[in-house]
Amino acid sequence: MENAGEGCKVVLTADRTLMSNYHHNEFVGFGACAPPNFIPDWLYSWLFFPPIKTYDGVPVAAPYGLRKIEAQLLREGFDVVTVDQDYLAKYIDDAKVLCIHVMDPFGLGPASSTLASILKKEPFLSQYFRALMEKPEIGRAKKHGLKIIVGGPGVWQFTHRPEFVKKYGIDCMIEGEAEKVIGKVVRAALNKEGLPQYYEVPIEETPSLEEIPDIIAPSINGMVEIGRGCCRGCKFCSVTLRPLRWYPYEKILKEIEVNTEIGKEALLHAEDVMLYGSKNTIPDDEKLVKLHGTVLEKCEGIGWSHCSLAAVASKPRLFSKIAEIMLQKQSWWGAEVGIETGSPELTKKIMPAKAHPFKPEEWPDVVRTGMGLMHDNKLIPACTLIVGVPGETEDDIIKTIELVDDLKEIRSLIVPLFFVPMGRLKDDNWFEETEANKLHQELLIRCLKHDFYWIDNIIDLAFKGKWYAKLLRPFYRLFVEVIRYKAKKAGIK
Ligand code: SF4
């Protein structure tokens, strides 16, 4: 591996909050959304996003999206190396193009902007992104003609920060699935041709399954995509604007094989893992069972990125069967789950197909059923609620509060997030903390109480059987205790 990529013309990287394995626990990575707090920054970063192992600056694993870009550029014959941000100086002088992967570069994503507006401080992830852009080696290379291209799920945020783009000389921003686009942009940069400043990948340039390359080096925490797109069409979501495509088993297994070079766990990524192989909102029993059985033959554990409550509630027996397969080798698994609201009226307005195959007016029941099944089958959901979405009424908030109360006995985290204009609501206004009324505050408090009630149990489960648990667990517990103390001081019992 020595001097693996020195002399490469295209360097790929991401800031520290993304180039980490989060102690092999994706939930822990959410710590980067918080702003600096009572824990010293060096300790906090070690606890929540420690640096990844590298060989000569080349990380053993990198964010999945960056790996896809790396694979695509290699497929097109470019000279590429992925480098950890701390080793850029070693590679960047020979480079002509620097591609940077971003998730939430300015902390405008729902989780980080909510925390930042409550705690009135800039979140870690935007601080670390800025620190990356301020690296003297990047400034030096810029003076010698380096072109900077950014891509990834957080690119939309640059439209809110034009001064930043200018200040740091970002040459091109690519929003959307970039496989069919990145080659021509990098080629133009190498040929010193003009670059589009903001390239929104149109539907016609969305890659088909055959056009999506397989990753050629491991992704962080064994992440592998099993499909792209979503058919539910929620108004506040940008994913829904893309076509639905599911990867065949062979493609998934090939990527798992790449990842097993460094780890034995697979994190299946899709907007709804339960709908693998399905063309609508009804899970396909055969395909889902086969997927999990086949993956588990190759791995020691499986995680899910996201799943929907409606799909779980629509097929309880199938869900238990999947759990049975997964729990052969692990004691729990996690997924991000969108509850968003407890109000049938708001469901109808902003996410009419979220409950499908059930009716939108049945949404609270779908949530209760789905969450109950998750609890019984050891899936720990990290649930989101949207606060302050346009058109929300006091009655909607009361219904959400009631739903949170109903979920008290369900092992889960429930996180209220302030509305961020995205998807078909991208021209609406942001929700600011100053707009939070008494009911919003009550909802935040109920969620906090719910999370405090479950957090110890979740920490125990999350680190069970891990050799480093003894070392880390006390720190996370201390973190929770201090927040609990602060909440108590603020009058939340
Ligand atoms: S919020 Fe989730 S369910 Fe709704 S469209 Fe987006 S990905 Fe699909």
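In case you missed it, the structure is sitting above this.
What comes next concerns the included structure. (Residues numbered from 1 in each chain as written. Predicted model: local features only at pLDDT ≥ 70, side-chain atom pairs only at ≥ 80, totals over all residues. Heavy atoms only, no water.)

Along its length, the chain carries 17 helices and 16 strands. Relative to the globule expectation of 23 Å for 493 residues, the C-alpha radius of gyration of the chain, 22 Å, shows essentially globular dimensions. Counting only C-alpha atoms, the chain reaches 60 × 50 × 45 Å along its principal axes. Residue burial in the chain is summarised as follows: out of 493 residues, 58% are buried. Partitioning the intrachain contacts of the chain with sequence separation of at least 6 by distance along the chain shows that 80% fall at a separation of at least 24. As displayed, the chain has an accessible area near 21,200 Å², and 55% of this comes from carbon and sulfur atoms. In the chain, 63 positive and 68 negative side-chain charges are present, and the distance between their average locations comes to 2 Å. (Helix = DSSP H or I, 4+ residues; strand = E, 2+ residues; numbered from the N terminus. Rg over C-alpha atoms; globule rule 2.2 N^0.38 Å. Buried < 20%, exposed > 50% of the residue type's maximum accessible area, 1.4 Å probe, protein only. Contact = heavy atoms within 4.5 Å. Areas by Shrake-Rupley, 256 points an atom, 1.4 Å probe, with all protein chains shown as cover. Lys, Arg positive; Asp, Glu negative; His and termini not counted. Charge placed at Lys NZ, Arg CZ, Asp CG, Glu CD.)

With that out of the way, let us pick up the sheet that holds strand β5 (residues 97-101). One open sheet accounts for six strands, arranged β4-β1-β5-β6-β7-β8; its pairing is parallel. This sheet does not close on itself; its edge strands, each paired only once, are β4 (80-82) and β8 (198-200). Between one strand axis and the next, the sheet turns through 20° on average, direction left out of account. Of the strand pairs in this sheet, strand β1 (residues 10-13) and β4 are connected by three bridges, and their pairing is parallel. Directly across from Val 11, in β4, lies its bridge partner Val 81. (Pairing = 2+ DSSP bridges. Axes fitted to C-alpha atoms, helices over the stretch in contact; angles between N-to-C directions.)

Turning our eyes to something else, we now look at unusual backbone geometry. Of note, the amide linkage connecting His 356 to Pro 357 takes the cis form, showing an omega dihedral of 10°. By the secondary structure assignment, Pro 357 is in the loop between α13 (344-350) and α14 (363-376). Although it is not a glycine, His 23 sits at a positive phi angle of roughly 55°. Within the secondary structure, His 23 is located in the loop between β1 and α1 (41-48).

Below, the discussion takes up the pairing of β5. By the criterion of burial, β5 is predominantly enclosed, with five of the five residues buried. Here β5 shows two buried faces, one formed by Val 97, Cys 99 and His 101 and the other by Leu 98 and Ile 100. Examined bridge by bridge, β1 and β5 share four bridges and lie parallel to one another. Bridge pairing links Leu 12 to Cys 99 in β5. In this structure, β5 lies alongside strand β6 (residues 147-151), joined through five bridges in parallel fashion. Looking at β6, one finds that Ile 100 is bridged to Val 150.

With that settled, the discussion passes to the side chain of Ser 412. For Ser 412, the position within the fold is in the loop between α15 (394-406) and β16 (413-418). You can call Ser 412 buried: its relative accessible area is 0%. Within the structure, Ser 412 has its side chain in polar contact with the side chain of His 450 (distance 2.8 Å). (Polar contact = N/O pair within 3.5 Å; in protein donor to acceptor, adjacent residues only side chain to side chain.)

Two elements in contact, α15 and helix α16 (residues 438-463), have axes whose closest approach is 10 Å; the angle formed by their N-to-C orientations is 15°. Between α15 and α16, the angle is such that the two are roughly parallel. In the packing of α15 onto α16, the handedness of the crossing is left-handed. Contacts from Glu 394, Ile 397, Ile 398, Thr 400, Ile 401, Val 404 and Asp 405 in α15 reach Leu 439, His 440, Glu 442, Leu 443, Arg 446 and Cys 447 in α16. (Parallel < 35°, antiparallel > 145°, perpendicular 65-115°, else oblique. Left-handed = near helix turned anticlockwise from the far one by under 90°.)

This part takes up the nonpolar core. Within the largest apolar cluster, 78 residues are counted, with the highest numbers of intra-cluster contacts made by Leu 268 and Trp 304. Not counting residues up to four positions away in its chain, the partners in contact with Trp 304 are Leu 267, Leu 268, Val 273, Met 274, His 292, Phe 319, Ile 322, Met 326, Trp 333, Gly 334, Ala 335 and Leu 379. (Core = buried A, V, L, I, M, F, W, Y, C linked by side-chain atoms within 4.5 Å.)

Here we take up the pairing of strand β14 (residues 333-340). With seven of eight residues buried, β14 is to be regarded as a mostly interior element. In this sheet, strand β15 (residues 379-387) lies alongside β14 in parallel orientation, the contact comprising seven bridges. Directly across from Trp 333, in β15, lies its bridge partner Leu 379.

Spatially, the three strands line up as an open sheet ordered β9-β12-β13, and their pairing is parallel. Pairing within the sheet leaves two strands with one partner each, and these edge strands are β9 (223-225) and β13 (301-304). For this sheet, the mean inter-axis angle between neighbouring strands, taken without regard to orientation, is 30°. Examined bridge by bridge, strand β12 (residues 265-269) and β13 share four bridges and lie parallel to one another. Looking across to β13, one finds that Leu 268 is bridged to Trp 304.

Attention now moves to the packing of aromatic side chains. Each aromatic ring pair is summarised here by two numbers: the centre-to-centre distance and the angle between the ring planes. Using the criterion set out here, one finds 20 aromatic pairs in the structure. Here the aromatic rings of Tyr 453 and Trp 454 are separated by 5.3 Å at their centres, their planes lie at 90°, and the arrangement is edge-to-face. Given the relative accessible area of 45%, Tyr 453 is considered partly exposed. The structure contains a cluster of three or more aromatic residues connected by ring pairs, namely Tyr 44, Phe 48, Phe 49, Phe 124 and Tyr 128. The ring of Tyr 247 is capped by Lys 251, whose NZ or CZ atom sits 5.2 Å from the centre of that ring. (Phe/Tyr/Trp six-rings, centres within 6.5 Å; stacked < 30°, edge-to-face > 60°. Lys NZ or Arg CZ within 6 Å of the ring centre and 35° of its normal.)

In contact at an axis separation of 10 Å, helix α10 (residues 285-298) and helix α12 (residues 316-326) are set at 5° when each is read in the N-to-C sense. Of the possible angle classes, the one that applies to α10 and α12 is roughly parallel. Contacts between α10 and α12 pair Asp 285, Leu 288, Val 289, His 292, Gly 293 and Leu 296 from the former with Leu 318, Lys 321, Ile 322, Ile 325 and Met 326 from the latter. Its residues assigned to classes, the contact of α10 with α12 shows seven nonpolar, two polar and two charged. (Nonpolar A, V, L, I, M, F, W, Y, C, P; charged D, E, K, R; others polar.)

Here the focus is the pattern of salt bridges. Once the charged atoms of two side chains with opposite charge are near each other, the side chains can pair. Scanning the model with the defined rule gives 28 salt bridges in all. Its salt-bridge partner being Glu 345, residue Lys 399 comes within 3.4 Å of it at the nearest N-O pair. Within this pair, whereas Lys 399 is found in helix α15, its partner Glu 345 is found in helix α13, the two being separated by 54 residues in sequence. A residue is classified by how much of its surface remains accessible, and Glu 345, at 38% relative accessible area, is partly exposed. By sharing partners, the salt bridges in this structure join Glu 177, Glu 179, Glu 225, Arg 228 and Arg 245 into a single network. (Salt bridge = Lys/Arg side-chain N within 4 Å of Asp/Glu carboxyl O.)

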